[in-house]
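# Descriptive analysis of the structure
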Amino acid sequence: MTDASPLRTKQPHRQRRARASVAMGFVTGMLAGLHRRGCEARPLLDAVGIDLADAASRIPVERYAMLYNLVVAELEDEGFGLFPHRMAPGTFEFLCRGMLGAATLGVALNRAGRFMRIVLPTLRIDIQREGQRARLDIVELTPIAAERNDPARVFALEWLLRLLHGVACWFVGRGLALDAVSFPYARPQHADDYALVYTEHSSFDADVLSARFQANLLDLPIRRDEAALASFLQGAPGKISMLYRRDREMVFRVRDLVRDALPDNLSLETVASHLHLSPRTLARRLEEEGSSFRGIKDATRRDIAFARLTKTRQPIAQLAADLGYSDPSAFYRAFVSWSGVSPERYRNRLARDGVPISN
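Notes on the structure in this doc start here.

Turning our attention to the overall build of the protein chain. Scanning the protein chain from N- to C-terminus turns up 18 helices and seven strands. Across the 359 residues in the protein chain, those meeting the buried criterion constitute 51%. Of the contacts formed within the protein chain by residues at least 6 apart in sequence, a portion of 67% connects residues at least 24 apart. Of the accessible surface of the protein chain, which amounts to about 16900 Å², a share of 50% is contributed by carbon and sulfur atoms.

Right, dumping it as structure tokens:
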């Protein structure tokens, strides 16, 4: 099989270069709070290798996430110093914990809205169903900046949308398409990236930020548990900000194929054939999206293992077989590398902590 596949011909060279990177415009607003508080941004930028002087350069998603977390740590504020009230470190974790256990995405998002109203009274999150469509509005109750197009205001509103969208995608275990988003400011210079970060149907100069999507997405079940959340929080909240970009779709397509085929242990060649790509092209596409075939397989098995051990009493040997391990000892070694303890000790610890396990 050659690289000249149907999927490849739809991806021009310019778009491939944009994968797993962001425009400089997503960074400048992030730094506004530092400037307001008289803090020097240069040491943080140097630490992640970002040069603001090169306005045309693109920043790898991994560096963007690192800078995100460094700014939060420097200011001790998960709101980047952009709001009158500081969002103490740990706010994101408790946002996720508040959503954990909800039956559906709609319930989880309503919980998120109530929580954010407490910790971030500057903004209000409204979720409305309108027949087969739904809408998520972010309403500015107190002006974030004096100027409508101030980079701090642009970043603050977009940050909250990305945060809510990324968390929602993670909780249901899939990407969630936004049909259209209206932004309440003029079109920024980095708006070309909006097709990748939000949707191709992005518009500007609206009254409020409004994201529209299919209403049935609100009925999707929550698929994550306490064990999965513990892993997810490593590197958060920075890593969530750009995790579910539309240009990372290959990671999710491969993950779904690997998961649905279990206990069969698919090879890179088999998955590539299913996607009408050569193995080399698939490996390169995954690398461009900041992942790898082995990493996806390991993460898929890990998430299922944690969920089964937490929620069921399934025998360990059967779980190993369901995950495609021909030898239970191989599963034991893998689980110890993920958690530091054996599957039995992990389950016993849950029982000791009072976590209910279904039959």
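Below, the discussion takes up helix α12 (residues 249–261). The end-to-end C-alpha distance of α12, which contains 13 residues, comes to 19 Å, matching closely the 18 Å that a straight helix rising 1.5 Å per residue would cover. Of all the residues in α12, the buried ones are M250, V251, F252, V254, R255, L257, V258 and A261.

For the rest of this paragraph, the subject is the sheet that holds strand β4 (residues 133–140). Judged by pairing direction, the sheet is mixed, and its five strands sit side by side in the order β3-β4-β7-β5-β6 without closing on themselves. Both edges of this open sheet fall to β3 (123–130) and β6 (202–203), since each of them pairs with a single strand only. Of the strand pairs in this sheet, strand β5 (residues 180–182) and β6 are connected by two bridges, and their pairing is parallel. Each residue of the ladder has a partner; that of V181, found in β6, is S202.

Tracing the backbone shows E287 in helix α14 (residues 279–288). Each C-alpha atom of the pair E287 and V251 lies 9.5 Å from the other, and the pair is 36 residues apart in sequence.

Another aspect to go through is the nonpolar core. Formed by 85 residues in total, the largest nonpolar core has its most connected members in L67, F92, W159 and L160. Tallying contributions element by element places helix α9 (residues 151–172) first for this core, with 16 residues. Leaving out residues up to four positions away in the same chain, F92 has contacts with E78, L163, V167, F232, L233, A236, P237 and I240. If you look at the next biggest cluster of nonpolar residues, it comprises 17 residues, including A305, L323, Y325 and V341.

Now for unusual backbone geometry. Following L262, the chain continues into P263 via a peptide bond in cis, with omega recorded as 10°. With respect to the helices, strands and loops of the structure, P263 is situated in the loop between α12 and α13 (268–274). Notably, E76 is not glycine yet its phi reads approximately 55°, a positive angle. Tracing the chain through its elements places E76 in the loop between α6 (61–75) and α7 (91–99).

On to the pairing of strand β7 (residues 209–214), then. For β4 and β7, the ladder comprises six bridges, and the chain directions are antiparallel. Looking at the pairing, I138 lines up with L209 of β7. Of the strand pairs in this sheet, β5 and β7 are connected by three bridges, and their pairing is antiparallel. When the bridges of β7 are listed, S182 appears paired with S210.

For the rest of this paragraph, the subject is the packing of aromatic side chains. Counted under the stated rule, the structure contains 21 aromatic pairs. Residues F26 and Y194 carry aromatic rings whose centres are separated by 6.1 Å and whose planes lie at 35° to one another, so their mutual orientation is tilted. Residue F26 is located in helix α3 (residues 25–28), and its partner Y194 is located in helix α10 (residues 194–197); the two are separated by 168 residues in the primary sequence. In this structure Y194 comes out as buried when scored by relative accessible area, which is 0%.

Attention now moves to the environment of F92. You can see F92 is positioned in helix α7. For the pair F92 and E78, spaced 14 residues apart in sequence, the C-alpha to C-alpha distance is 7.6 Å.

Here we take up the packing of helix α15 (residues 293–311) against helix α18 (residues 343–352). Orientation of α15 relative to α18, taken along the N-to-C sense of each, is 45°, at an axis distance of 9 Å. Overall, the two elements α15 and α18 adopt an arrangement that is oblique. Crossing of α15 over α18 shows right-handed handedness. Contacts between α15 and α18 involve F306, R308, L309 and T310 on the former and, on the latter, P343, Y346, R347 and L350. Residue composition of the contact of α15 with α18, by class: five nonpolar, one polar and two charged.

This brings us to the side chain of S202. Topologically, S202 is positioned in strand β6. Note on S202: relative accessible area 18%, which makes it buried. Of the polar contacts made by the side chain of S202, one reaches the backbone oxygen of T199; its length is 2.8 Å. In this structure, S202 is in contact with V181, F183 and Y194, ignoring residues within four places of it in sequence.

By the element assignment, E158 lies in helix α9. At 3.3 Å, the side chain of E158 forms a polar contact with the side chain of Y198. Excluding residues within four positions of it along the chain, E158 makes contact with F26, F183, Y185, H190, Y194, Y198 and L209.

Procedures and definitions
- Residues numbered from 1 in each chain as written.
- Predicted model: local features only at pLDDT ≥ 70, side-chain atom pairs only at ≥ 80, totals over all residues.
- Heavy atoms only, no water.
- Helix = DSSP H or I, 4+ residues; strand = E, 2+ residues; numbered from the N terminus.
- Buried < 20%, exposed > 50% of the residue type's maximum accessible area, 1.4 Å probe, protein only.
- Contact = heavy atoms within 4.5 Å.
- Areas by Shrake-Rupley, 256 points an atom, 1.4 Å probe, with all protein chains shown as cover.
- Expected span 1.5 Å × (residues − 1).
- Pairing = 2+ DSSP bridges.
- Core = buried A, V, L, I, M, F, W, Y, C linked by side-chain atoms within 4.5 Å.
- Phe/Tyr/Trp six-rings, centres within 6.5 Å; stacked < 30°, edge-to-face > 60°.
- Axes fitted to C-alpha atoms, helices over the stretch in contact; angles between N-to-C directions.
- Parallel < 35°, antiparallel > 145°, perpendicular 65-115°, else oblique.
- Left-handed = near helix turned anticlockwise from the far one by under 90°.
- Nonpolar A, V, L, I, M, F, W, Y, C, P; charged D, E, K, R; others polar.
- Polar contact = N/O pair within 3.5 Å; in protein donor to acceptor, adjacent residues only side chain to side chain.

These values are about where atoms sit, not about what they do.
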